[in-house]
Amino acid sequence: MVDYALISGKGLNENIVRQISKDNEEPEWMLRLRLKALKHFFKTPMPSWGLSLDINFDELTYYVKPTERKAASWDEVPEDIRKTFDALGIPEAERQLFAGTGAQFESQIIYAKLKQKFESLGVIFTDMHTAVREHSSIVKQYFGRLLPFTNNKFAALNTAVWSGGLFIYVPKNVVVDLPIHNYFRINMEGIGQFERTLIILEEGAKLDYIEGCTAPMYSKASLHAGLVEVFVKSNARFHYTTIQNWSRNIYNMSMKRALALNNSVITWVDGNFGSKKLMKYPCIILKGDNSKADLLSASFAKNNQEFDIGAKVYHIGKNTKSRILSKSIVKQSLTNYRGLVSIAKGSVNSRASVVCDSLMLDNDSTSSTYPYIFNNEPSAISTHEARVGKVEEDQVFYLTSRGLTKKEALAMILLGFISPVTKELPLDFALELNKIIRLELSNA
Amino acid sequence: MLELRDLTVKIDGHVVLKNVNLNIKQGQVHVIMGPNGAGKSSLALTIMGHPDYKVVSGDILFENESVKQLPAFERARKGLFLAFQTPPEIEGVSLTTMLRHSLKSLNKYPGYKQFMQELDKQAMLVNLSKKLLGKSLNQGFSGGEKKRSELLQLLLLNPKLAILDEIDSGLDVDALKALSNIFRARKQASRSCLIITHYSRILNYVKPDFVHVLINGEIKASGDEHLARKIEEQGFKQFLK
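In what follows, the accompanying structure is described. (Residues numbered from 1 in each chain as written. Chains lettered and ligands numbered in written order. Predicted model: local features only at pLDDT ≥ 70, side-chain atom pairs only at ≥ 80, totals over all residues. Heavy atoms only, no water.)

The subject of this paragraph is the overall build of chain B. The secondary structure content of chain B amounts to seven helices and 12 strands. Here chain B has a C-alpha radius of gyration of 18 Å; the compact-globule value for 241 residues is 18 Å, and the two agree. In terms of overall dimensions, chain B has C-alpha extents of about 55 × 40 × 35 Å along its principal axes. In chain B, buried positions account for 53% of the 241 residues. At a minimum sequence separation of 6, the contacts of chain B that also span at least 24 residues come to 67%. If you sum the accessible surface of chain B, you get close to 11,000 Å²; carbon and sulfur atoms cover 46% of it. Once the 34 positive and 25 negative side-chain charges of chain B are each reduced to a mean point, those two points are 2 Å apart. (Helix = DSSP H or I, 4+ residues; strand = E, 2+ residues; numbered from the N terminus. Rg over C-alpha atoms; globule rule 2.2 N^0.38 Å. Buried < 20%, exposed > 50% of the residue type's maximum accessible area, 1.4 Å probe, protein only. Contact = heavy atoms within 4.5 Å. Areas by Shrake-Rupley, 256 points an atom, 1.4 Å probe, with all protein chains shown as cover. Lys, Arg positive; Asp, Glu negative; His and termini not counted. Charge placed at Lys NZ, Arg CZ, Asp CG, Glu CD.)

All names here are of chain B. Across the interface, helix H4 (residues 112-125) lies against helix H5 (residues 143-157) with an axial gap of 10 Å and an inter-helix angle of 135°. Judged on the interaxial angle alone, H5 and H4 are oblique. The crossing of H4 and H5 is right-handed. From H4, Phe115, Glu118, Leu119, Gln122, Ala123 and Leu125 reach across to H5, where they touch Leu152, Leu155 and Leu156. Here the residues of the contact of H4 with H5 sort into seven nonpolar, one polar and one charged. (Axes fitted to C-alpha atoms, helices over the stretch in contact; angles between N-to-C directions. Parallel < 35°, antiparallel > 145°, perpendicular 65-115°, else oblique. Left-handed = near helix turned anticlockwise from the far one by under 90°. Nonpolar A, V, L, I, M, F, W, Y, C, P; charged D, E, K, R; others polar.)

Looking now at the pattern of salt bridges. Counted by the stated rule, this structure contains 25 salt bridges over all chains. Residue glutamate 408 of chain A pairs with arginine 77 of chain B through a salt bridge whose shortest N-O separation is 3.8 Å. Placement of the pair is glutamate 408 of chain A in helix H11 (residues 406-417) and arginine 77 of chain B in helix H2 (residues 72-78), with the two residues belonging to separate chains. A residue is classified by how much of its surface remains accessible, and glutamate 408 of chain A, at 34% relative accessible area, is partly exposed. Note on arginine 77 of chain B: relative accessible area 37%, which makes it partly exposed. Among the salt bridges present, the one from glutamate 63 of chain B reaches lysine 160 of chain B, with a minimum N-O distance of 3.2 Å. (Salt bridge = Lys/Arg side-chain N within 4 Å of Asp/Glu carboxyl O.)

Looking now at the interface of chain A and chain B. Counting from both sides, the interface comprises 21 residues of chain A and, opposite them, 32 residues of chain B. With both chains or domains summed, chain A and chain B bury close to 2,000 Å², and 63% of this area falls on carbon and sulfur atoms. Considering only the side of chain A, the residues that lose the most area to chain B are Phe397, Tyr398 and Arg402 of chain A, jointly responsible for 39% of the buried surface there. In this structure, the connection of chain A to chain B is made through three salt bridges. At the junction of chain A with chain B, the criterion picks out 12 residue pairs in polar contact (both at pLDDT 80 or more). Going through the elements one at a time, helix H10 (393-400), H11 and helix H12 (419-422) of chain A are the ones with two or more residues in the side of chain A that touches chain B. The element contributing the most residues to the side of chain A that touches chain B is H10 of chain A, with seven residues. (Buried area = accessible area lost by both parts, 1.4 Å probe. Polar contact = N/O pair within 3.5 Å; in protein donor to acceptor, adjacent residues only side chain to side chain.)

This part takes up the sheet that holds strand S4 (residues 54-62) of chain B. Strand-to-strand pairing in sheets goes through backbone hydrogen bonds, with the strands running parallel or antiparallel. Residue and element names in this part refer to chain B. In space, the four strands of this open sheet follow the order S2-S1-S4-S5, with antiparallel pairing throughout. Every other strand in the sheet has two partners, leaving strand S2 (14-24) and strand S5 (65-66) as the edge strands with one partner each. Relative to S2, strand S1 (residues 2-11) is paired through seven bridges, and the arrangement is antiparallel. Counted as the bridge partner of valine 9 is leucine 17 from S2. (Pairing = 2+ DSSP bridges.)

Written out as structure tokens, the structure reads:
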């Protein structure tokens, strides 16, 4: 048995919210925000679109705080996840950390090193609870301003019961190009069931940030609803990579929104492999003139996974540009692309392009496209392409005639298919992703 | 090297090859000529092991071993190669990537540095633009570029037996000269070739040991290069009866 310092009871009520807030020594404003969000949650119906979600909110446990971060013993980690660690060649110490079962010794050393470097640059980089306590005035200014709890039922839920998550603040003209993902790979502290992340880039700042990891994250919880808000001010550049590989037993509602001011550039690279049911539509608001967004996503759903994923872009400033590229591989499962491009009147000369490609590996899969495009500006141009394809037998034969086995040929074709997305990834990440694809094929 | 014995092949229940016999010895060049729809490409794909082509009787022997039950990759690993008439497009997979994996699976990979040097050298030889080595396979390639890509693969993989399906179509004079050199080098190295062609033009660039005429899935005549001349003068009609 694992000792927990604190376990909230089942079900959701005001007491639990107060408990979470008290346990994290939050200022009064955060508690009030949580309680308001909770009220909103109760009166808001479930989304009327997307996947059917049979969630019993009364059966969930909303807050679990372990004494240490030993969520479970290594023996309790499911077999398929253990196999994946082997195949990815991740060392024993690290794999226990991935699964949330390991000690934090190693990560704390790295954390301390990074912290020192960040601090000398004026960067704030800490977990969200610490940020609320120690940087309350900055947090208060931005928290929930981009994706308020009134947006949807799950945003309300997250705001009411959030725990875990990250806070990053990059001051004016500071460039952060550290391998932040290395820190995340071994420090799972930032990831929770309802994690909350807030990132702020001041003018001219630059941040390259990688979240998540390619190894599957083992979770006992059945519902995850994370929320990320990113503020990218004038002339700032933000490169965001996020790989979602939660274990196959959870429902995942992922809410992410970024704001781009004048001349800023956002690149958003998204990989989706895990979860039982996934709903995820990262949203970028191109408010500033000449702001630009690239949203690239690759996904692989198999064995009855259900993905309803896409992207949203709001063009508001002049000369704004967006590109959405979605590459989905589907095997005995369902993947929908659901996306929105909205160009406001006055968003002069803006350009939006949407390309969604699906590759079906069998006849039992389903893939639909729901592209919503609203263009209210005569000088703006938006384009949309959708393709649903299959792996052609001639392609496989061609590669096998060069000595590759059928499985190797298929893996090569799939990796080629998602390469427009993976080439935006750091090399070691791209290599791990390649391993995942090969592994998924050999498990299938 | 390669022997076809009374080979009869069906695709979708239709007979496409009937009692085909062929014996290609080490270092030999054989040419199969025939009109459109004669079964030339079917023959190439059958030898390479395309799963749609079912051998209903007869056998395919490579170095005195039956390969008719083997999947394509095992035939490739034994030393068979097919230069495709129309190679497929594969998004995001470059010639470089494919060749690297291919050489590895054939146990011929010389290491990264040497591989890249060899690739550059041979690409120059077949006059294939370096830019295309990193692009998606065959996407946006011209007809001639596709053929040059197939030739480059032939050079790097250096198989014991190469089947070349309409390799000369779309090639300019310089590329044909390069092709001629390839044939000569293969002969010297005692490597065999099976050339499949509609026109006899390629015979200006290679001296065959045997020429066979394939019509309606059957070999109607075999001879030396004089047979090809005869076809050039009188067409395929003479073999129809």
